[in-house]
Amino acid sequence: GTSRDIKGLGDVANKMGKDLPLSAKDCADAMVGMAQNGASLKELKSTFPAIAKASTAAGEDIGKTANAVQQSMNIWGGSSARNAAILVQTANASNAAVGSMASVFANVGTNAKSLGMSLSVTSEAIGLLTNKGMTSERASQDLNHALVQMIKPSKKAQDVMSELGISYTDTSGKMKPFRQILGELSTALQGYTPAQQKAYEATLFGTAGMSAIAPLIDSVRDKTGNATTSWDAYAKQLSLIHI
């Protein structure tokens, strides 16, 4: 960047250090990290304050927060302020810390986007899985394994899909919304014994993938209104920013 760009970033870092309980140096380092990861210096001057405020609200390290936000923007785009708000709200409603989301997106982000899953939906899935006892890292790895099986189902998986009468795509060949797929899986598996359901899930998503999909199917079935276990209640809790 130009000397004016660099001075502008320095001014922002100093202001954040003055206005928020953050170190100006840490803010400067976080902006450098975002720039190295693809952020525009011009945009950073206007958008970084929202990231700094999100970091403070979540009680999270500014460098980790900035890295997670930039990762989300590299994959899904959007505004840094909105993405930061989604990550903070997810952290507040689950056991998925903002700082862990950069590695989450590195594991599952690309495949999630290829299946039409937004940042919001991906974050919801990870948040729900952490609320069911999984770490963010494990949740993202297992969910990614499941998504890979959805992108290219095996012959055995295709046979099970035919038997259950389900499809991941609509009549035009477009991938259905992830939440809808979970709901259709839940309906299709009803009437089978728990052992049969696990066998079908293992064939469809593999052993690792099943570890993520089974709890998410349970979250769709859950009608208690408990935001820590029910997908609909959890999504409703985050609905103000998930637009």
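Described in the following lines is the structure provided in the data block. (Residues numbered from 1 in each chain as written. Predicted model: local features only at pLDDT ≥ 70, side-chain atom pairs only at ≥ 80, totals over all residues. Heavy atoms only, no water.)

Bringing the overall build of the chain into the picture now. The helix and strand tally for the chain stands at twelve helices and zero strands. Principal axes of the C-alpha set define a box for the chain whose edges measure 65 × 35 × 25 Å. Per-residue burial for the chain yields a buried fraction of 48% across its 243 residues. A sequence separation of at least 24 residues applies to 69% of the contacts in the chain between residues at least 6 apart. Element-wise, carbon and sulfur atoms account for 53% of the exposed surface of the chain, whose accessible area totals about 11,300 Å². Of note, the chain has its 23 positive side-chain charges centred 4 Å away from the centre of its 19 negative side-chain charges. (Helix = DSSP H or I, 4+ residues; strand = E, 2+ residues; numbered from the N terminus. Buried < 20%, exposed > 50% of the residue type's maximum accessible area, 1.4 Å probe, protein only. Contact = heavy atoms within 4.5 Å. Areas by Shrake-Rupley, 256 points an atom, 1.4 Å probe, with all protein chains shown as cover. Lys, Arg positive; Asp, Glu negative; His and termini not counted. Charge placed at Lys NZ, Arg CZ, Asp CG, Glu CD.)

So, on to the nonpolar core. Counting residues in hydrophobic clusters, the biggest one holds 75 residues, and the most contacted among them are Phe 48, Leu 143, Leu 147, Phe 178, Leu 204, Leu 216 and Trp 231. Residue contributions to this core peak at eight residues, all from helix 11 (residues 194–221). (Core = buried A, V, L, I, M, F, W, Y, C linked by side-chain atoms within 4.5 Å.)

It is worth spelling out the packing of helix 3 (residues 41–58) against helix 4 (residues 62–76) at this point. Packing of helix 3 against helix 4 brings their axes to within 9 Å, and their N-to-C directions diverge by 125°. In terms of orientation, helix 3 lies oblique with respect to helix 4. The hand of the helix 3/helix 4 crossing is right-handed. Of helix 4, the residues touching helix 3 (which contributes Phe 48, Ile 51, Ala 52 and Ser 55) are Ile 62, Thr 65, Ala 66 and Val 69. In the contact of helix 3 with helix 4, the residues fall into six nonpolar, two polar and no charged. (Axes fitted to C-alpha atoms, helices over the stretch in contact; angles between N-to-C directions. Parallel < 35°, antiparallel > 145°, perpendicular 65-115°, else oblique. Left-handed = near helix turned anticlockwise from the far one by under 90°. Nonpolar A, V, L, I, M, F, W, Y, C, P; charged D, E, K, R; others polar.)

This part covers the pattern of salt bridges. Opposite charge on two side chains allows them to pair when their charged atoms are near. Under the counting rule described, the total for this entry stands at nine salt bridges. We note a salt bridge from Lys 7 to Asp 11, for which the minimum N-O separation is 3.1 Å. One end of the pair, Lys 7, and the other, Asp 11, are both in helix 1 (residues 3–19), four residues apart, so they sit about a helical turn from each other. On the basis of relative accessible area, Asp 11 is assigned to the partly exposed category, the value being 39%. Arg 138 serves as the salt-bridge partner of Asp 142, at 2.5 Å between the closest nitrogen and oxygen. Here the residue Asp 142 and the residue Arg 138 both occupy positions in helix 8 (residues 136–151), the gap between them amounting to four residues, near one helical turn. On the basis of relative accessibility, which here comes to 6%, the residue Asp 142 falls in the buried class. Exposure remark for Arg 138: the relative accessible area of 40% places this residue in the partly exposed category. Here the salt bridges do not stand alone but share partners, grouping Arg 179, Lys 223 and Asp 232 into one network. (Salt bridge = Lys/Arg side-chain N within 4 Å of Asp/Glu carboxyl O.)

Bringing the packing of aromatic side chains into the picture now. For the structure shown, the criterion picks out four aromatic pairs. Ring centres 5.3 Å apart and planes at 75° place the aromatic pair Trp 76 and Phe 105 in the edge-to-face group. Separated by 29 residues along the polypeptide, Trp 76 in helix 4 and Phe 105 in helix 6 (residues 101–114) bring together distant segments of the chain. Across the pair, Phe 105 and Trp 76 agree in class, each one buried. Note on Tyr 192 and Tyr 200: the rings are 5.1 Å apart at their centroids and 80° apart in plane angle, and the pair reads as edge-to-face. Since its relative accessible area comes to 27%, Tyr 192 is described here as partly exposed. Taking relative accessible area as the criterion, Tyr 200 reaches 14% and is therefore assigned buried. (Phe/Tyr/Trp six-rings, centres within 6.5 Å; stacked < 30°, edge-to-face > 60°.)

Right, let's talk about helix 3 for a bit. Taking 1.5 Å of rise per residue, the 18 residues of helix 3 would be expected to cover 26 Å, and the 25 Å separating its terminal C-alpha atoms lies within 8% of that figure. Where helix 3 bends most, at Thr 47, the angle is about 50°, and the proline Pro 49 comes one to four residues later. Taken as a whole, helix 3 has its buried residues at Leu 41, Leu 44, Phe 48, Ile 51, Ala 52, Ala 54 and Ser 55. Of the residues that open helix 3, the one with a side-chain oxygen 3.2 Å from the backbone nitrogen of Lys 42 is Ser 40. Looking at the residues trailing helix 3, positive phi occurs at Gly 59, about 65°. (Expected span 1.5 Å × (residues − 1). Bend = angle between axes of the 7 residues up to and from the residue. Polar contact = N/O pair within 3.5 Å; in protein donor to acceptor, adjacent residues only side chain to side chain.)

With that settled, consider the environment of Ser 40. Among the structural elements, Ser 40 can be located in the loop between helix 2 (24–36) and helix 3. A polar atom in the side chain of Ser 40 sits 3.2 Å from the backbone nitrogen of Lys 42.

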